[in-house]
Amino acid sequence: MELYSIDTGFFKLDGGAMFGVVPKSIWQKLNPADENNMCSWAMRCLLIKDGKRLILVDNGIGNKQEAKFFSYYYLHGDATLDSSLAAHGFHRDDITDVFLTHLHFDHCGGSIIREGDRLVPAFKNAVYWSNEAHWKWATQPNEREKASFLKENILPIQESGQLQFIPQQPGVTFTENISIRFANGHTDAMMLPQIRYKGRTLVFMADLLPSTGHLPIPYVMAYDMFPLTTLQEKKSFLQEALEQQYILFFEHDPKTECCTLRQTERGIRAGELFTVKDIV
């Protein structure tokens, strides 16, 4: 097995929304805001070469939306999904599996591209993986979350015939080396791949822990549908991850790709910081 970090660029979101009830005087030290109160966040995906399978976990915001949509999110950075794949010697047509942690636009926007007037899968040789509960949640969205679930990102996947569902049950495996954790605080039935790699356990954190700045238990995004559920999920996961010495892989942290954890007087915090290529 080999793991590759895939940088798809950066975008900006409101700092207050990203840190919830935490005062700006505190979170500003973690991720300084610009004059519009916006902070930069990564859209970092993970490519897993596991036997004959090439698995892409999430795929960023994509490029098919109109300029007005992108103007809200201030896209920046030189990397793209294609350039990052190419840097590791891969092409999107090599991808066998697209694993979607959840269907918010910044995680699945690259799933679908425009070909003229048609919306078609960006990964023509891949199976797209979601789960039935989250798919229903995303395609029949509540009013609060509706703006994050864009039908042009989602419905063409099913229409293509390339969509399959993962059973939502404890301990379900994706491959021999990958099991799946479910989290329900951010959105219903979000999936976190838990990967056995070089004798270690690495967990792709998606939006349970967007960044190292979200490690303190009360630091919960205002975007989360069920913040008290997130609190309990974070608390339970962090204790397990500390005890089992897990590696955390961050999708949105603008600087830190991976970390271990350590116990401090203030609670569980980041320990060693490194990149996935540093894992030996």
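Worth saying up front: this structure is predicted, and the values here are computed from it rather than measured.

**Student:** Any chance you could explain the pairing of strand β15 (residues 267-274) here in plain terms?
**Tutor:** The two faces of a sheet get side chains in turn, since along a regular strand they alternate between them. Sheet topology note: the strand β14 (residues 258-264)/β15 ladder contains six bridges and is antiparallel. Its bridge partner being in β15, T264 is matched across the sheet by G267. In this antiparallel pair of consecutive strands, β14 and β15, the connection spans two residues.

**Student:** What is the right way to read the environment of A147 from this model?
**Tutor:** Following the sequence through the fold, A147 ends up in the loop between α6 (132-139) and α7 (151-160). Residue A147 is classed as exposed on the basis of its relative accessible area of 58%. Sequence separation of A147 and F70 is 77 residues, and the distance between their C-alpha atoms is 13 Å.

**Student:** What am I meant to see in the side chain of R44 here?
**Tutor:** Among the structural elements, R44 can be located in strand β2 (residues 38-50). Buried R44, no salt bridge; nearest opposite-charge side chain is E257, N-O distance 4.1 Å.

**Student:** Sorry, what's going on with the side chain of T230 here?
**Tutor:** If you trace the backbone, T230 turns up in helix α8 (residues 227-244). Look at T230 and you get buried, because its relative accessible area is 2%. In this structure T230 touches G185, H186, L208, V220 and D224, once residues within four positions along its chain are discounted.

**Student:** Would you mind going over the packing of aromatic side chains with me for this structure?
**Tutor:** By convention here, two paired aromatic rings are described through the distance between centres and the angle between planes. Scanning the entire structure with this criterion turns up 16 aromatic pairs. Residues F99 and F174 carry aromatic rings whose centres are separated by 5.3 Å and whose planes lie at 80 degrees to one another, so their mutual orientation is edge-to-face. Residue F99 is located in strand β4 (residues 97-99), and its partner F174 is located in strand β9 (residues 173-175); the two are separated by 75 residues in the primary sequence. For F174, a relative accessible area of 11% corresponds to the buried category. With a centroid separation of 6.3 Å and 55 degrees between ring planes, the pair formed by F123 and Y128 is classed as tilted. A single burial state applies to F123 and to Y128, both of which are buried. These aromatic residues form a ring-pair network of at least three members: F69, F70, Y72, Y73 and F105. Residue placement shows K12 over the ring face of Y74; its charged tip is 6.0 Å from the ring centre.

**Student:** Looking at this model, I keep getting lost on empty space enclosed by the protein. Mind explaining?
**Tutor:** To find the voids left in a structure, one rolls a probe of water-molecule size over its atoms. Across all of its chains, the model carries one cavity of 30 Å³ or more by this definition. Empty space within the largest cavity amounts to approximately 40 Å³. Lining the largest cavity are D207, L208, P210, H214, Y219, V220, M221, D224, T230 and K234. Looking at the lining of the largest cavity, its residues break down into five nonpolar, two polar and three charged.

**Student:** What exactly am I supposed to notice about the sheet that holds β2 here?
**Tutor:** Within a sheet, adjacent strands bond to each other through the backbone by hydrogen bonds, running parallel or antiparallel. Pairing in this open sheet of six strands is mixed, and the strands run β1-β2-β3-β4-β7-β8 from one edge to the other. Of all strands in the sheet, those with a lone pairing partner are β1 (2-14) and β8 (163-165), marking the two edges. Across the sheet, the mean angle separating the axes of adjacent strands is 25 degrees when strand polarity is ignored. Of the pairings in the sheet, the one linking strand β7 (residues 127-130) to β8 comprises three bridges and is parallel in character. In the sheet register, Y128 faces β8, and the bridge partner there is L163.

**Student:** When you look at the nonpolar core in this model, what are you seeing that I'm missing?
**Tutor:** Nonpolar side chains in soluble globular proteins tend to be buried together. In this structure, L46, L202, M205, L209, F237, L248 and L261 are the most contacted members of the largest nonpolar core, which totals 43 residues. Leaving out residues up to four positions away in the same chain, L46 has contacts with L3, Y4, I55, L56, V57, I195, L202, F204 and F249. Ranked by size, the runner-up nonpolar core spans 25 residues in total, among them Y4, C45, L54 and L103.

Rules of the game
Numbering of residues begins from 1 in every chain and follows the order in which that chain's sequence is written. Local features in this predicted model are restricted to residues of pLDDT 70 or higher, and side-chain atom pairs are both shown and tallied only at a pLDDT of 80 or more, whereas totals for entire chains, interfaces and linings draw on every residue. Excluded from the side-chain calculations are hydrogens and water; all other atoms, namely the structure's heavy atoms, are used. In this description, strands pair whenever DSSP reports at least two bridges between them. Going along the chain from the N terminus, every DSSP run of H or I of four or more residues is numbered as a helix, and every run of E of two or more is numbered as a strand. Here the term buried applies to any residue with accessible area under 20% of the maximum for its type, exposed to any over 50%, and partly exposed to those in between, with areas from a 1.4 Å probe on protein chains only. Positive charge is attributed to Lys and Arg, negative charge to Asp and Glu, and no charge count is given to His or to the chain ends. Every case where a carboxyl oxygen of Asp or Glu lies within 4 Å of a side-chain nitrogen of Lys or Arg is listed as a salt bridge. Whether two residues are in contact is decided by their heavy atoms: any pair within 4.5 Å suffices. The rule is short: rings of Phe, Tyr and Trp, with Trp giving its six-membered ring, pair when the centres are within 6.5 Å, and they are stacked under 30 degrees, edge-to-face over 60, tilted in between. Placement of a charge over a ring requires the Lys NZ or Arg CZ to be within 6 Å of the ring centre, with the centre-to-atom vector within 35 degrees of the ring normal. The method works on a 1 Å grid over the protein atoms by themselves. A cavity is a set of points holding a 1.4 Å probe that cannot get out, a pocket is an open set with protein on both sides within 12 Å along at least five of seven lines, and residues with an atom within 4 Å of a point line them. Grid points are joined across faces, edges and corners, and a volume is the space filled by probe spheres set on the points. Each residue is assigned to one of three groups, with Ala, Val, Leu, Ile, Met, Phe, Trp, Tyr, Cys and Pro labelled nonpolar, Asp, Glu, Lys and Arg labelled charged, and all others, Gly among them, labelled polar. Helix axes are fitted only over the stretch in contact, all axes being lines through C-alpha atoms; the angle between N-to-C directions runs from 0 to 180 degrees. Side-chain atoms within 4.5 Å are what join buried Ala, Val, Leu, Ile, Met, Phe, Trp, Tyr and Cys residues into a set we call a nonpolar core.

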